[in-house]
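Tertiary structure, described
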Amino acid sequence: MEELSISINNVWVLVATFLVMFMQPGFAMVEAGFTRQKNTANILTKNLMDFAIGSILFWFIGYTIMYGESIGGLIGMPSLFINDNGIGDYANKTDLMFQTVFAATAATIVSGAVAERTKFNAYLIFTVVITVLIYPISGHWKWGGGWLDQLGFLDFAGSTLVHSVGAWVGLAGAIVLGPRVGKYVNGKAKAIPGHNLTFGALGVFILWFGWFGFNPGSQLGAAGNENTLAIAHIALTTNLAAAGGAIAALLTSWMRYKRPALSLALNGALAGLVAITAGCNIVSPGGALIIGLLAGIILVFSVEIIDQKLRVDDPVGAISVHGVNGAFGTLAVGLFATDGGLFYGGGAQLLISQIIGVAAVFVWAFGTGLILFKTIKATIGLRVSKRIEEEGLDVYEHGESAYN
């Protein structure tokens with residue numbers, strides 16, 4: 001029976017791994033659809049390389065930096081080429097595979113925020129750094145038993161540790177890069193529509209589907225009644241938050257802009273998914289729906305503020321979806337957690353821990369992102385020339401077009 005239980009747990013975690021891996025084409029479709037036709041091959045290549053390079057580097061060293069024996073609660077003891085045949089509730093290599101697809105997710109979030117103007121070789125350097133250092137180190141603080149874990153910070157599947165990390169690095173990149181040519185005219189933001197909302201919608205549905213591996217898979221086991229009930233609960237809260245996010249974003253855009261915007265509704269669904277990821281295991285279904293509804297509303301206003309007030313050009317809304325709503329969802333745990341949340345009589349201690357965790361990860365990811373992108377800019381260069389940007393990265397950077 002013990003061996004059967006271990007087998008069930010392994011199969012479940014690996015199935016969840018494959019679902020999360022399927023999120024990679026989801027991200028590719030969203031980013032390609034929300035950007036212009038002339039840059040589609042560039043977007044697809046970046047998403048492919050995120051997963052390929054991330055898979056090798058996370059196996060090479062990133063996994064042990066995240067999960068190795070803790071050094072002062074800050075970083076895991078590095079070790080090269082993990083090849084551990086150990087087995088507890090599930091095989092160590094199963095855990096490596098599951099954590100690898102999470103690392104790839106964090107890396108690919110940046111792609112959308114810096115789309116349509118970044119040199120491909122510069123982007124590859126970033127992919128290496130986030131996979132080897134930025135994501136594993138802050139991940140160790142919680143999931144590796146580091147200082148945030150000891151503080152009582154909660155982030156079940158990575159609203160902050162995965163999504164916000166990628167978004168805050170993307171924010172740094174978008175700031176250092178500057179806006180796309182023609183984005184701001186006479187001091188006013190100009191919309192640059194994506195070329196294929198069908199791709200965008202398909203990508204969102206793929207991501208919604210893959211999230212049922214992302215969140216329920218983070219239970220890290222399926223054997224026994226406790227795991228069964230937990231997986232079912234997590235799946236329900238995940239779905240309700242996504243639905244709430246889509247509806248709230250649609251209605252908010254309808255009231256504010258006098259039209260029900262599909263692009264904002266799609267990003268609203270993703271905002272709800274990101275927001276619920278931190279507390280999907282410890283909030284009620286009703287709480288999950290409220291979190292999703294709030295995330296959809298926040299999404300619309302965040303996109304407007306970042307685009308028009310802060311003048312940061314984020315072509316796909318990645319900063320609002322993954323950064324702002326990743327932070328919101330993590331803070332919401334301190335309010336809506338049925339065990340320890342402020343709204344459930346738990347006091348403010350959990351909320352304080354959540355605030356500290358969100359702030360610390362922002363400082364780490366945004367700060368290292370600024371250093372990284374400024375270093376690349378000062379050395380090999382970060383941005384393509386104006387001519388390449390205007391005519392498209394596909395032909396100049398890759399020698400081929402997505403459409404012929």
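Calculation criteria
- Residues numbered from 1 in each chain as written.
- Predicted model: local features only at pLDDT ≥ 70, side-chain atom pairs only at ≥ 80, totals over all residues.
- Heavy atoms only, no water.
- Phe/Tyr/Trp six-rings, centres within 6.5 Å; stacked < 30°, edge-to-face > 60°.
- Helix = DSSP H or I, 4+ residues; strand = E, 2+ residues; numbered from the N terminus.
- Buried < 20%, exposed > 50% of the residue type's maximum accessible area, 1.4 Å probe, protein only.
- Salt bridge = Lys/Arg side-chain N within 4 Å of Asp/Glu carboxyl O.
- Expected span 1.5 Å × (residues − 1).
- Bend = angle between axes of the 7 residues up to and from the residue.
- 1 Å grid on protein atoms, 1.4 Å probe; cavity = no way out; pocket = protein on both sides within 12 Å on 5 of 7 lines; lining within 4 Å.
- Points joined across faces, edges and corners; volume = space filled by probe spheres on them.
- Nonpolar A, V, L, I, M, F, W, Y, C, P; charged D, E, K, R; others polar.

Examining the packing of aromatic side chains
Two measures describe an aromatic ring pair: the distance that separates the ring centres and the angle between the ring planes. The tally for this structure, following the rule as stated, stands at 17 aromatic pairs. When the ring of Y63 is compared with that of Y67, the centres are 5.1 Å apart and the planes differ by 35°; the resulting orientation is tilted. Here Y63 and its partner Y67 are both found in helix α3 (residues 40-67), four residues apart, which amounts to about one turn of the helix. A centroid spacing of 5.2 Å and a plane angle of 10° characterise the contact between F362 and F366, whose relative ring orientation is stacked. Residue F362 and its partner F366 are located together in helix α13 (residues 349-378), separated by four residues, close to a single helical turn. Residue F366 is classed as buried on the basis of its relative accessible area, which comes to 18%.

Observations concerning the pattern of salt bridges
Scanning the model with the defined rule gives eight salt bridges in all. The partner of E304 in a salt bridge is R256, with the nearest N and O atoms 2.8 Å apart. Of this pair, E304 sits in helix α11 (residues 285-309) while R256 sits in helix α9 (residues 225-257), and the two are 48 residues apart along the sequence. Of the residues examined, E304 reaches a relative accessible area of 13% and is grouped as buried.

Notes on the environment of V358
Here V358 lies in helix α13. Sequence separation between V358 and D50 is 308 residues; the distance between their C-alpha atoms is 25 Å.

A look at helix α12 (residues 318-336)
Look at α12: 25 Å from first C-alpha to last across 19 residues, which is about the 27 Å you get at 1.5 Å a residue. At N325, α12 is deflected by roughly 30°, the largest bend along its length. Counting buried residues along α12, 16 of its 19 residues qualify, which places the element largely inside the surrounding structure.

Some points on empty space enclosed by the protein
Taking a probe equal in size to a water molecule and rolling it over the atoms shows the remaining empty space. According to the stated counting rule, one finds one cavity of 30 Å³ or more in the structure shown. Considered as a void within the structure, the largest cavity measures approximately 80 Å³ in volume. Looking at the largest cavity, it is lined by 13 residues, and the ones nearest its centre are F27, V30, V316, A318 and H322. Elements represented by at least two residues in the lining of the largest cavity include exactly α2 (23-33), α4 (92-113), α10 (262-276) and α12. Of the residues assigned to the lining of the largest cavity, the class counts are seven nonpolar, five polar and one charged.

By themselves, these are just geometric observations and shouldn't be taken as functional.
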